[in-house]
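Results of the structural survey
Take a look at the letters that make up each chain.
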Amino acid sequence: MKSFSYTPATDVPSALEAARTEGATFLAGGTNLVDLMKLGVATPDVLVDINRLPLRDVTELPGGGLRIGAGVRNSDLAAHPLVRRAYPVLSQALLAGASGQLRNMATTGGNLVQRTRCRYFMDMTKPCNKHTPGSGCPAREGDHRNLAVLGASEHCVATHPSDMAVALAALDATVRVAGPDGERDVPVTELHRLPGDTPQDDTVLRPGELITAVDLPPLEFARVSAYRKARDRASYAFAVGAVAAAVHAEDGVVVDVRLAFGAVAHKPWRAYAAEEALRGRPATREEFLAAADAELSAAVPLRDNAYKVPLIRNLVSATLARLTGAHQ
Ligand SMILES: Cc1cc2nc3c(=O)[nH]c(=O)nc-3n(C[C@H](O)[C@H](O)[C@H](O)COP(=O)(O)OP(=O)(O)OC[C@H]3O[C@@H](n4cnc5c(N)ncnc54)[C@H](O)[C@@H]3O)c2cc1C
Ligand code: SF4
């Protein structure tokens, strides 16, 4: 492993100051970054440890909603009574991720910024436009069974691996960021990029910017929400397809709905077309499938991942049917 220096920060200003150094990277739980350092994929010169920052609280916002500190551990967030009651989709998504030990270390900020699990990306002996821009994308012709069917480019077909981020996308969360140029808010749906011709950039974060918190807006019907994840084994595995859903149905009609898909794109995929297709429609399985089709008509599967399209379609239908009690 390449040598690096280590700087523990105790508050946000000192973390931002330390991050001005060339080659500096924030260290949160380390569950992704340290693995990538061991593999030679991440090669920071300076690790700015942000674990001592006062960013570990979940607080209620004055107008409703919650503020989640970037340092809140995934297990603490999943177990938080306000999250479980008002945003069960988020709690379920967190609990569907990784293992108990990893969730005890993983943080809200780190989970959002974790990197793809594309096998070529994690192997510095292979070409990959994400770790070595311009070297090519072997996944297109090689192993892409768990890679993107939506929003990919000829330069990269990677997927974002986070479960939590999919729930946050469905909930219209906002990411609060502090950096050398001050503070700004980024909708979580705009935090992650599509790969285009610069797949090396996962997010719109600028150099030295620190995620300080994630805000959840009030959404009364998020109490009726769920996260459903398909994976190759029952636990401790990344998603091959996932759906986060919240729905408000009255008298058998969908009044409002939020839908996001996971493991299908370079970012958590907010399913706006499916939502639009469902509002005002009967809460039936037939309508749920038609709404999924409205979103998935944009899918461009590769040789070995076309299964994701019917998988997501069925997850949408099953999740919404359970939430609304629809039987046909
Ligand atoms: C075996 C295994 C299985 C897993 N399974 C799943 C799974 O099923 N689902 C899932 O969602 N995840 C899964 N994960 C991923 C895990 O959830 C992430 O590794 C974890 O959430 C990362 O959080 P962290 O705090 O450890 O981040 P770190 O590893 O410390 O950091 C990750 C990245 O985020 C940056 N960063 C951290 N905090 C901030 C911040 N506040 N502002 C800006 N940048 C920041 C770091 O610089 C680094 O680039 C798995 C991981 C492993 C090892
Ligand atoms: S899909 Fe993206 S991360 Fe994977 S090999 Fe291609 S460029 Fe690299």
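One can find the structure itself at the top, above this paragraph.
Described in the following lines is the structure provided in the data block. In this text the structure is predicted, and so the values were computed from the model without any measurement.

This brings us to the site of ligand 2. Surveying the vicinity of ligand 2 reveals 13 residues, the closest of which are Cys118, Cys128, Cys137, Cys156 and Val157. Of the residues belonging to the shell around ligand 2, the class tally is 10 nonpolar, 2 polar and 1 charged.

For the rest of this paragraph, the subject is the site of ligand 1. Contacts to ligand 1 come from 32 residues, most closely from Phe26, Gly30, Thr31, Thr107 and Asp163. Contacts to ligand 1 include Asn32, whose backbone N or O atom sits 2.8 Å from an oxygen atom. Notes on ligand 1: free accessible area 980 Å², of which the protein chains cover 92%. If you tally residues by element for the shell around ligand 1, the top one is helix H7 (residues 108-113), at 4 residues. Partitioning the shell around ligand 1 into residue classes produces 15 nonpolar, 13 polar and 4 charged.

Within the fold, Glu286 resides in helix H11 (residues 285-296). Assessed through its relative accessible area of 66%, Glu286 is described here as exposed. Sequence separation between Glu286 and Ala326 is 40 residues, and the spatial gap between their C-alpha atoms is 9.9 Å.

Attention now moves to the sheet that holds strand E1 (residues 5-8). Taken in spatial order, the 3 strands line up as E1-E3-E2 in an open sheet, and their pairing is parallel. Only two strands of the sheet have a single neighbouring strand rather than two, namely E1 and strand E2 (24-27). The average undirected angle you get between the axes of adjacent strands in this sheet is 25°. Here E2 runs beside strand E3 (residues 46-49); their pairing, made up of 4 bridges, is parallel.

What follows is about the sheet that holds strand E10 (residues 239-250). Sheets are built from strands paired through backbone hydrogen bonds, the pairs being either parallel or antiparallel. In spatial order, the strands read E9-E10-E11-E12; together these 4 strands make up an open sheet with antiparallel pairing. The open sheet is flanked by strand E9 (225-231) and strand E12 (269-270), the only strands paired with a single partner. By the bridge criterion, 9 bridges tie E10 to strand E11 (residues 253-262) in an arrangement that is antiparallel. The partner of Ala244 across the bridge, within E11, is Ala260. Contacting E9, E10 and E11, helix H12 (residues 308-324) crosses the sheet at an angle of about 35° to E10.

What follows deals with the pairing of strand E5 (residues 66-69). In the sheet, strand E4 (residues 58-60) pairs with E5 via 3 bridges, with the strands oriented antiparallel. In the strand pairing of E5, Val58 is matched with Ile68. Counting the residues in the hairpin turn of E4 and E5 gives 5 residues, including Gly64, whose phi is positive at 100°.

The next point concerns the pattern of salt bridges. Counted by the stated rule, this structure contains 24 salt bridges. Two residues, Arg20 and Glu17, come together in a salt bridge whose shortest N-O distance is 3.6 Å. Taken individually, Arg20 and Glu17 each receive the classification exposed, so the pair is uniform in this respect. Here Glu209 ties to Arg206 by a salt bridge, and the two come within 3.8 Å at their closest N and O atoms. One connected set of salt bridges, linked through shared partners, spans Asp172, Asp256, Arg258, Arg270, Glu275, Glu276 and Arg279.

This brings us to the packing of H11 against H12. Following both chains from N to C, one finds H11 and H12 inclined at 140°, their axes separated by 9 Å at the closest point. With respect to each other, H11 and H12 are oriented oblique. As H11 runs across H12, the sense of the crossing is right-handed. Contacts from Arg285, Phe288, Leu289, Ala292, Asp293 and Leu296 in H11 reach Val309, Ile312, Arg313, Asn314, Val316, Ser317, Ala318, Leu320, Ala321 and Thr324 in H12. Among the residues making up the contact of H11 with H12, the classes are represented as 10 nonpolar, 3 polar and 3 charged.

In this section: the side chain of Lys130. Residue placement: Lys130 occurs in the loop between H7 and helix H8 (164-170). For Lys130, a relative accessible area of 5% corresponds to the buried category. Looking at Lys130, its side chain comes within polar contact range of the side chain of Asp202, at 2.6 Å. Every residue in contact with Lys130, bar those within four places of it in the chain, is listed here: Arg115, Thr116, Phe121, Cys156, Ala158, Pro199, Gln200, Asp202 and His266.

Rules behind the numbers
- Residues numbered from 1 in each chain as written.
- Chains lettered and ligands numbered in written order.
- Predicted model: local features only at pLDDT ≥ 70, side-chain atom pairs only at ≥ 80, totals over all residues.
- Heavy atoms only, no water.
- Near = heavy atom within 4 Å.
- Nonpolar A, V, L, I, M, F, W, Y, C, P; charged D, E, K, R; others polar.
- Polar contact = N/O pair within 3.5 Å; in protein donor to acceptor, adjacent residues only side chain to side chain.
- Areas by Shrake-Rupley, 256 points an atom, 1.4 Å probe, with all protein chains shown as cover.
- Helix = DSSP H or I, 4+ residues; strand = E, 2+ residues; numbered from the N terminus.
- Buried < 20%, exposed > 50% of the residue type's maximum accessible area, 1.4 Å probe, protein only.
- Pairing = 2+ DSSP bridges.
- Axes fitted to C-alpha atoms, helices over the stretch in contact; angles between N-to-C directions.
- Contact = heavy atoms within 4.5 Å.
- Salt bridge = Lys/Arg side-chain N within 4 Å of Asp/Glu carboxyl O.
- Parallel < 35°, antiparallel > 145°, perpendicular 65-115°, else oblique.
- Left-handed = near helix turned anticlockwise from the far one by under 90°.

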